[in-house]
Amino acid sequence: MKEKHETAYEKLKDRLATISDLSSANGLLFWDRQTYMPEGGVAGRAEQMATLSRLAHEMFVDDGTGGLLDAVGEQDPSSEEGAMLRRARREYERATKLPSDLVAEITRTTALAEPAWVRAREEADWSLFAGHLEKILPLKREAAEHLGYEDHPYDALLDGYEPGTKKAQLEKMFEELKEGIAPLVRAVSEWEGDEEDRAAPLYGDFDEAEQEEFGKAVISAFGYDWERGRQDRSVHPFCINFGPGDVRVTTRFEEGWLAPALFGTMHETGHALYEQGINPDYARTPLGSGTSMGVHESQSRLWENLVGRSRPFWSRYYPKLQEAFPEALGRVGSEAFYRAINVLEPSPIRVEADEATYNLHILLRFELEVALLEDALSVTELPNAWNAKMEEYLGVTPKNDAEGVLQDVHWSNGLFGYFPTYTIGNVLSVQFFDEAVKAHPEIPDQIKEGRFSTLHGWLRENIYRHGSRYYPDELVEKVTGRPLDPAPYLRYLKSKFGELYGLS
Ligand code: ZN
């Protein structure tokens, strides 16, 4: 009889597949909680999710995983097997470097901090949250020390979202962006004078069912595969995947405002196209999802902004949108609509920011979180420091802390090093898109005809299918022939908004 002999590699793969199944099951519980779960399920669901993540974590950091990784050893990361091992080892090392007491303490502290942040924001009272942030910061500093770094503790935290990226690279990126964007924003605000409210066409009476139908038609044309996905409603839209065969998106509809569902749907679908495009052989392995937060965000922004806020796209789709909403848009010309979806105007709120000023919001957060981590800035000083930078970069002053330093949930969850991935996404979206158009100059004309398969195919071939096989810096280099570069993004902003606002 032939005996079944499992190699260490196969055993490791089995083990990682089981862990991936536990995470997917947990993800499904999360999806259900955000979409269909009745109120009464809250407490039970918290227990179920905690149990599944504990099981997955314990199995992953177990000596058994380390033993198998050692037994297999390292292999050339240019092979698929080698890349899988490299990624598994990286995640294993990050997970095991943190003492479990510290992990538990961070979980406990942030679990209390988030509801405190919710209250503080509701009441616009910084003092209700400050004490929590004071507890979170030393824990994150401690985590950075355990994780290790060469140059700066921030690198250790950033590495969790954008593997291999360093604070110094971000500083260079933001410097270039600041230099390029600030004059653009200034020119636009000076030029605008007392113009009418450009965004007005997006407000009105927009039937929810019509919005949903229109959004579905758009993302179907993008190439979203409904056999391997679905769309539901949730308060905070997201994309989630349980392997390449099941990648779901959620949307939020507002009957009085067209923008959230229209652009939110395209945004989440950008994330979904990435996940649906990953090589199915990578399912249940550490290569089976997008390689970093920044590269992921580049895809949501690419479909939302470079496609979904472009002239070619709307020359095709605006007549259809008018047909769907004859009352609200029948008398709004296509140029007025295009201007409405591309208003450039500094505002105190990040999530409402336009394509250009958005990055100044991120720059401000990046500088402040670095200063907090270095202890160069105290929690008490933070609200004033926030407002001062707001004034300096955007020329606006929040009317209170709810509209200022308390607007984002991230720090209450201990997410330091996360914000910059949004801007990395913006920068990469154009770097990748330019490359696609260089390879296929017909793409803009195809978009004008409502055809997206060449663009989608290029992205799938060059980015999506690789999943996490390459680290973000390797992928960017491989696809565009150079490292992360803000120049194409700045060129794009200047040409788009220069034309829109008649700047020379
Ligand atoms: Zn996103």
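Computed from a predicted structure; not experimentally measured.

K.L.:
Just give me the short version of the packing of aromatic side chains, but keep the residues and values in it.
P.N.:
Taken as a whole and judged by the stated rule, the model has 29 aromatic pairs. Ring geometry for Tyr 224 against Trp 226: centres 4.9 Å apart, planes inclined by 90°, an arrangement best described as edge-to-face. Of the residues examined, Tyr 224 reaches a relative accessible area of 3% and is grouped as buried. Summarising the aromatic geometry, the rings of Tyr 358 and Tyr 422 are spaced 6.2 Å apart at their centres and angled 85° between planes, so their arrangement reads as edge-to-face. Placement of the pair is Tyr 358 in helix H15 (residues 358-374) and Tyr 422 in helix H17 (residues 420-439), with a sequence separation of 64 residues. Across the ring face of Trp 31, the terminal group of Arg 248 is positioned such that the distance to the ring centre comes to 4.5 Å. If you follow Arg 365 out to its NZ or CZ, it ends over the ring of Phe 419, 5.5 Å from the centre.

K.L.:
Provide a residue-level description of unusual backbone geometry, including the pertinent values.
P.N.:
Even without being a glycine, Ala 124 presents a positive backbone phi close to 50°. Within the fold, Ala 124 resides in the loop between helix H5 (100-123) and helix H6 (127-147). By relative accessible area, which is 30% here, Ala 124 ends up partly exposed. The residue Asp 375 is not glycine, and still its phi comes out positive at about 65°.

K.L.:
How would you summarise the domain arrangement of the chain if you had to cite specific residues and measurements?
P.N.:
For the chain, the domain assignment lists domain 1 (2-148) and domain 2 (167-500). Each of domain 1 and domain 2 has a C-alpha centre, and these two points are 27 Å apart. Tallying the contact residues gives 39 residues for domain 1 and 41 residues for domain 2. Considering only the surface of domain 1 that becomes buried against domain 2, Trp 31, Arg 87 and Trp 126 emerge as the three largest contributors, covering 21% of it. Across the domain 1-domain 2 interface, the total number found is four salt bridges. Put simply, domain 1 and domain 2 have 14 residue pairs in polar contact (both at pLDDT 80 or more) between them. Where the side of domain 1 that touches domain 2 is concerned, the elements lending two or more residues are helix H1 (8-35), helix H4 (80-97), H5 and H6. The biggest single contributor to the side of domain 1 that touches domain 2 is H1, with 12 residues. Counted by class, the side of domain 1 that touches domain 2 contains 19 nonpolar, eight polar and 12 charged residues.

The rules we used
The residue numbering used here restarts from 1 in each chain and proceeds along that chain's sequence as written. Local features in a predicted model are, by the rule used here, given only for residues with pLDDT of at least 70; side-chain atom pairs are given and counted only at 80 or more, and totals for whole chains, interfaces and linings are based on all residues. To obtain the side-chain values, all non-hydrogen atoms of the structure were used and water was disregarded. Only rings of Phe, Tyr and Trp enter the pairing, Trp through its six-membered ring, and a pair is recorded when the two centres are within 6.5 Å. The plane angle decides the type: under 30 degrees is stacked, over 60 is edge-to-face, the rest tilted. Relative accessibility thresholds used throughout: buried, under 20% of the residue-type maximum; exposed, over 50%; partly exposed, between the two (1.4 Å probe, protein chains only). Here a strand is any run of E in DSSP of at least two residues, a helix any run of H or I of at least four, and the numbering for each starts at the N terminus. Note on geometry: a ring has a charge over it if NZ (lysine) or CZ (arginine) is within 6 Å of the ring centre and within 35 degrees of the ring normal. An automatic or database domain assignment supplies the residue ranges for each domain. The contact criterion used is simple: two residues touch if any of their non-hydrogen atoms lie within 4.5 Å. A 1.4 Å probe defines the accessible area here, and the buried area is the portion of it lost by two parts on being joined, summed over both. Counted as salt bridges are all cases of a side-chain nitrogen of Lys or Arg within 4 Å of a carboxyl oxygen of Asp or Glu. In the analysis that follows, any N or O atom pair within 3.5 Å is treated as a polar contact, provided that within protein one partner can donate a hydrogen and the other can accept it, and provided that, for residues neighboring in sequence, both atoms belong to side chains. Classification used: nonpolar for Ala, Val, Leu, Ile, Met, Phe, Trp, Tyr, Cys and Pro, charged for Asp, Glu, Lys and Arg, polar for all others including Gly.

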